[in-house]
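Notes for the structure review
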Amino acid sequence: MAQIVDIHDILANSKELEDVLKSLNQDGSHLWKVRGASKWFRRKFLLDINEMAVKYEPTSKSSCFQKQKKNIDLSEIKEIRRGWQTDTFNKVEQFELKRRAKKADGKSSVDEKACFSIIYGPRNDTWDLIAPTIETAEKWVRVLQHLVSLYRSQDEQQSYERWLRKQFNSADMDKNKCLSLAETMKLLKNLNIRMDEDDANKLFHEANTRKASGKNPPPEVLDEEEFVAFYFKLLRRPEIQDLFDKYATNGSLTASKLCQFLREEQGEDPKTTTDEECNNLIKIYEKSGELRNKGEMSLTAFVKMLLSPRCDIFDNRHKTVYQDMTQPLSHYWIASSHNTYLVGNQLSGASSVEGYVDALKRGCRCVELDCWDGENDEPIVYHGYTLTTKILFKEILSDAIKPYAFLASRFPVILSLENHCSEPYQRKMAEYLKNILGDMLYVVDPDEDMEFLPSPEKLQGKVLVKAKKRSAKPVPPPRRKSSSSGVVTTEKEIDSIDGDSADIRTLNTIPTPSVNTAQGVDDGLLQSPTYANGPPKASMESLDDSDDSDPDESIDYIDGTGSSVRKKGVTTELSSLVNLIQAVHFHSFDDSMQSGKAYHMSSFAEAKALRLIEIQASQFVDYNKRQLSRIYPAGSRTSSSNFDPIDFWNVGCQIVALNYQTEDASNFYNFAKFYENGSCGYVLKPEILRNPKTKFHPKGSMNEKKGVMVKVEVISGQHIPKAPGSSEVVDPYTEIKVLGIPADRSKQTTKVVPNNGFNPVWEQSYSFRVYCPEVAMLYFRVKDHSQSGSDMPLGHCAVPFSSITTGYRHVHLSSLKGVALTPASLFIHITVKNVDGSPIK
């Protein structure tokens, strides 16, 4: 019988930490919880072994304290950070610098070495803590870092068992390490099962083996081992039993029969799937020593193998960098963030260094910094002319870019600078870039005649600055435009220096789209702009609204205090750091093909890019084979909503910048796109988007002889979660979509299974004709059928066609944020063949 993993098992190989663990569990520590530069609260913190959580004991009973999170599950922890490396501690540091300047001895009242932070949850919240001594801080940091590291190293089965233990503990209301029938019935509802009480009572007593053995007095409860037996009886999976029986002899699989299954059903290569490898699989998944010694696999081990990464729909080999990384930068899709500093909306949201840390740790390779003049001669980053908070430019470099740029990926990071700074501040920006980043900063000027940009392989470990380059040409007067309201504005008032955002003060003087939350892609998950007078006309005249203005044009603008300031162009110091990615004004594709350099790139607002795709898609594809393009969200997306990135990927746009802080379908597609190739942030585009001799139009006529046929059988589901905030048992159904070029987009939907999120069975098959699998994704979404309101999404999975594996596969579900919903999954069978029925080579 499988045992449930607990924290003692995790520490089995870490005996030296056990005394420290016991101390933190039994005695805890009094630490200062910091919420601001002068807001410190002394609390007792404990590491709760039973609950596997970090907790603190609040001393106040006021409502504001009741709303604060008082425990963090170890599985929620993303990082333990030493010293002053969060927004809160940055405020403490600034406070300490001012205080020290006033003190005669210049000493700090806080030792940075006694400070540490716990980063947790999908929004990267923090507990910022100060210990009474450096030794106490180090004790907490060592134990928590060790536990978090071990948790992440757990395989799928151990994660599953840990989840099972959590279910047992949550159902054990009186904490006597046993479950009564009443507690068990409540657990069934939590597990998304609506079951007749008589049937549940029968299973309960069948699992109660201590009572059956005649122990005195006979306990009317289930202990942990009995609970596991009860649970697996509930989780009977006849669909896997039938598959197992097809190859098993006398209730077990030999290595040769397992080999046969992997070759015939899973389509594995006979050259690599050998008896020797299958014997190794038996050793990994079979817990019975007797069967393991005989070289045989039980049904339980077979299920474990099917739940493992080897049998995931996503090709496990693609979880590492497997693509050619020696192609030019323009040949890759690049994971990119818009207004990276924001963790909320675009008008009043908070700016945070954590936005950069989170994006970089997720493999993002292009981050944005909107730079402005700040107080005390310090450049700041925030969304200009809004109520968003401000952070220091230098703190982004020192606390995020330098320590995290190459943590998730060794390939180059692009800093997209939107420069609103006056000359003295630009010089300071250049100084910080050089002094803080040092050798990480790429400072080599490009060859004027280079045909293509260098490769990610050649640029690994380097930070590239994307910004305007200082020009030697004469400065023309600002071109003026008339808005629809008759108000005359300069082009600079409409477009920023780097073309990435409209001036908030002029949004009422120009026709701007408004976000319609009721329409858009993916049932409202993607919010698309709508226009009061219809969409912009697809004409060449409409494409002349520049989003990249002259870098040396001197302009008058209003600063944050309302004063008129004369601002110059890009300084020599900052310009010298811009080399391989020089932002330039886009005139036309013809102009770019004739005189554009490989190191020239342009930014396009989403509406302009969509107009170009509508009338010049094939030229856009050709442009992106040599030069970089960046697509950014409309200024009207003040709620930080996102556009659908797929249309832009289809024409080869490399830097499709999204608001990473928003949990929506766009970000989920982005997560799926860049999960491939080891989540390194660079995915090689297919040949049709790279080869200069190939002509491709995503909306053109399709060759009926090319493409693939995909057949998906949705067999069953396991542990489908409840809708957020709901206590009701779900009525699940599954949507299967193909995402890609317009001709390929389609959707199929299974029947609804009432009152069963625990192990619903569908056994329904669907076929899809896919013309262009090179850019397509297969998307699964499980929803809860509602009789009255909207059908709520319960779990998601999207896989690029290039990473799909065939045969019997589990589809592991996650939230739109990309957080795994372990152990929620679908069990499917999938085949992919050429349109003529021949196998794909």
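Cut-off values and rules
Residues numbered from 1 in each chain as written. Predicted model: local features only at pLDDT ≥ 70, side-chain atom pairs only at ≥ 80, totals over all residues. Heavy atoms only, no water. UniProt positions renumbered as here; feature names shortened; annotations may be inferred. Helix = DSSP H or I, 4+ residues; strand = E, 2+ residues; numbered from the N terminus. Buried < 20%, exposed > 50% of the residue type's maximum accessible area, 1.4 Å probe, protein only. Contact = heavy atoms within 4.5 Å. Areas by Shrake-Rupley, 256 points an atom, 1.4 Å probe, with all protein chains shown as cover. Core = buried A, V, L, I, M, F, W, Y, C linked by side-chain atoms within 4.5 Å. Axes fitted to C-alpha atoms, helices over the stretch in contact; angles between N-to-C directions. Parallel < 35°, antiparallel > 145°, perpendicular 65-115°, else oblique. Left-handed = near helix turned anticlockwise from the far one by under 90°. Nonpolar A, V, L, I, M, F, W, Y, C, P; charged D, E, K, R; others polar. Phe/Tyr/Trp six-rings, centres within 6.5 Å; stacked < 30°, edge-to-face > 60°. pLDDT = per-residue confidence, 0-100. Pairing = 2+ DSSP bridges. Right-handed = clockwise from strand over helix to strand, strands pointing away. Expected span 1.5 Å × (residues − 1). Arc of directions from axis to C-beta. Salt bridge = Lys/Arg side-chain N within 4 Å of Asp/Glu carboxyl O. Disulfide = S-S within 2.5 Å.

As recorded in an unreviewed UniProt entry, the protein chain goes by the name Phosphoinositide phospholipase C, listed as coming from Orchesella dallaii. According to its UniProt record, the protein chain has this under Catalytic activity (unreviewed entry): "a 1,2-diacyl-sn-glycero-3-phospho-(1D-myo-inositol-4,5-bisphosphate) + H2O = 1D-myo-inositol 1,4,5-trisphosphate + a 1,2-diacyl-sn-glycerol + H(+)".

Along its length, the protein chain carries 24 helices and 36 strands. In the protein chain, which comprises 841 residues, the proportion classed as buried is 55%. The contacts in the protein chain between residues at least 6 apart in sequence include a share of 70% that link residues at least 24 apart. A total accessible area of about 36,500 Å² is found for the protein chain, and carbon and sulfur atoms account for 49% of it.

Before going further, it helps to examine the environment of methionine 305. Structurally, methionine 305 can be placed in helix α15 (residues 299–307). Separated by 20 residues in the primary sequence, methionine 305 and tyrosine 285 have C-alpha atoms spaced 6.5 Å apart. Ignoring any residue separated from it by four or fewer positions in sequence, one finds methionine 305 in contact with Leu258, Phe261, Leu262, Leu281, Tyr285, Met297 and Cys311.

What follows deals with unusual backbone geometry. With an omega of 5 degrees, the peptide bond between threonine 822 and proline 823 qualifies as cis. Structurally, proline 823 is set in strand β36 (residues 820–834). One non-glycine residue, lysine 177, lies in positive phi territory at about 65 degrees. Assessed through its relative accessible area of 51%, lysine 177 is described here as exposed. Positioned with a positive phi, tyrosine 385 is a non-glycine residue whose angle comes to about 60 degrees. In this fold, tyrosine 385 is placed in the loop between β14 (379–381) and β15 (391–392). Tyrosine 385 sits in the partly exposed class, given a relative accessible area of 21%.

We now examine the nonpolar core. Buried together is how nonpolar side chains tend to be arranged in soluble globular proteins. In this structure, Ile401, Leu415, Leu417, Leu433 and Phe620 are the most contacted members of the largest nonpolar core, which totals 80 residues. Counting residues in each nonpolar core, the second largest holds 32 residues, with Val770, Leu794, Val799 and Ile828 among its members.

Moving on, we get to the packing of helix α8 (residues 197–207) against helix α10 (residues 224–234). Contact geometry of α8 with α10 gives a least axis separation of 9 Å together with a crossing angle of 135 degrees. What the angle tells us is that α8 and α10 run oblique. Seen from above, α8 lies across α10 with right-handed handedness. Across the interface between the two elements, Ala200, Leu203, Phe204, Glu206 and Ala207 from α8 touch Glu226, Phe230, Lys233 and Leu234 from α10. Residues that form the contact of α8 with α10 fall into these classes: 6 nonpolar, no polar and 3 charged.

The next point concerns the packing of aromatic side chains. Any aromatic ring pair is given by two values, namely how distant the centres are and how the planes are angled relative to each other. For the structure shown, the criterion picks out 28 aromatic pairs. The interplanar angle of 75 degrees and the centroid separation of 5.8 Å between the aromatic rings of tyrosine 247 and phenylalanine 261 together place this pair among those described as edge-to-face. Here tyrosine 247 is found in helix α11 (residues 238–247), whereas its partner phenylalanine 261 is found in helix α12 (residues 255–264), with 14 residues between them in sequence. For the pair phenylalanine 643 and phenylalanine 648, a centre-to-centre distance of 5.1 Å together with 75 degrees between the ring planes defines the contact as edge-to-face. Taken as a pair, phenylalanine 643 and phenylalanine 648 share a single burial class, namely buried.

Of the residues in the protein chain, 82% have a pLDDT of 70 or more, and the chain-wide mean is 83. For the stretch residues 1–6, pLDDT sits under 50, and the model shows 19 contacts to residues farther than four places along the chain or on other chains. Segment residues 549–558 is flagged for pLDDT under 50; beyond a separation of four residues in sequence, or across chains, it makes 45 contacts in the model.

In regular strands, side chains alternate between the two faces of the sheet. For strand β25 (residues 600–605), the buried fraction is high: 5 of the 6 residues fall into the buried class. Bridging between strand β24 (residues 578–583) and β25 involves 2 bridges; their strand directions are parallel. Counted as the bridge partner of alanine 583 is methionine 601 from β25. Sheet topology note: the β25/strand β26 (residues 628–632) ladder contains 5 bridges and is parallel. Paired with methionine 601 across the two strands is leucine 628, which belongs to β26. In this view, the connection linking β25 to its parallel neighbour β26 by way of helix α22 (residues 606–626) has right-handed handedness.

Another aspect to go through is the sheet that holds strand β4 (residues 71–73). One open sheet accounts for 7 strands, arranged β4-β3-β2-β1-β7-β6-β5; its pairing is antiparallel. If you trace the sheet from one side to the other, it starts and ends with β4 and β5 (77–82), each paired once. If you compare each strand with its neighbour and ignore which way they point, the axes differ by 30 degrees on average. Pairing of strand β1 (residues 29–36) with strand β2 (residues 39–48) involves 7 bridges; the strand directions are antiparallel. What sits directly across from glycine 36, in β2, is lysine 39. With respect to the sheet, helix α2 (residues 18–26) is in contact with β1 and β2, its orientation differing from that of β2 by roughly 120 degrees.

Moving on, we get to helix α18 (residues 423–437). For α18, with 15 residues, the first-to-last C-alpha span of 21 Å sits near the 21 Å given by 1.5 Å per residue. Along α18, the residues that are buried comprise Tyr425, Gln426, Met429, Ala430, Tyr432, Leu433, Ile436 and Leu437. Taken around the axis of α18, the buried residues stretch over an arc of 160 degrees, which confines them to a single face. Summarising the geometry of α18, the exposed residues directed more than 90 degrees from the buried face are Pro424 and Asn435.

Further remarks concern the pattern of salt bridges. A full pass over the atoms with the stated rule returns 27 salt bridges. In this structure, the salt-bridge partner of glutamate 606 is arginine 637, at a minimum N-O distance of 2.6 Å. With glutamate 606 in helix α22 and arginine 637 in the loop between β26 and α23 (646–650), this residue pair connects regions lying 31 residues apart in the sequence. Taking relative accessible area as the criterion, arginine 637 reaches 2% and is therefore assigned buried. Measuring nitrogen to oxygen at the nearest pair gives 3.1 Å for the salt bridge that ties lysine 625 to aspartate 622. Note that lysine 625 and aspartate 622 are positioned in helix α22 at a spacing of 3 residues, about one turn of the helix. Like aspartate 622, lysine 625 is buried. What you see here is one network of salt bridges that share partners, running through Glu79, Arg81, Glu354 and Lys361.

Running from N to C, α12 and α15 cross one another at 35 degrees; their axes reach a closest spacing of 14 Å. In terms of crossing hand, the pair formed by α12 and α15 is right-handed. From α12, Leu258, Phe261 and Leu262 reach across to α15, where they touch Phe302, Met305 and Leu306. Each residue belonging to the contact of α12 with α15 can be placed in one class, and the counts come to 6 nonpolar, no polar and no charged.

Once that is clear, we can look at the state of the cysteines. In this structure the tally under the stated criterion is 0 disulfides. Among the cysteines around cysteine 259, which has no disulfide bond, cysteine 278 carries the closest sulfur, lying 3.8 Å off. For cysteine 259, a relative accessible area of 1% gives the class buried.

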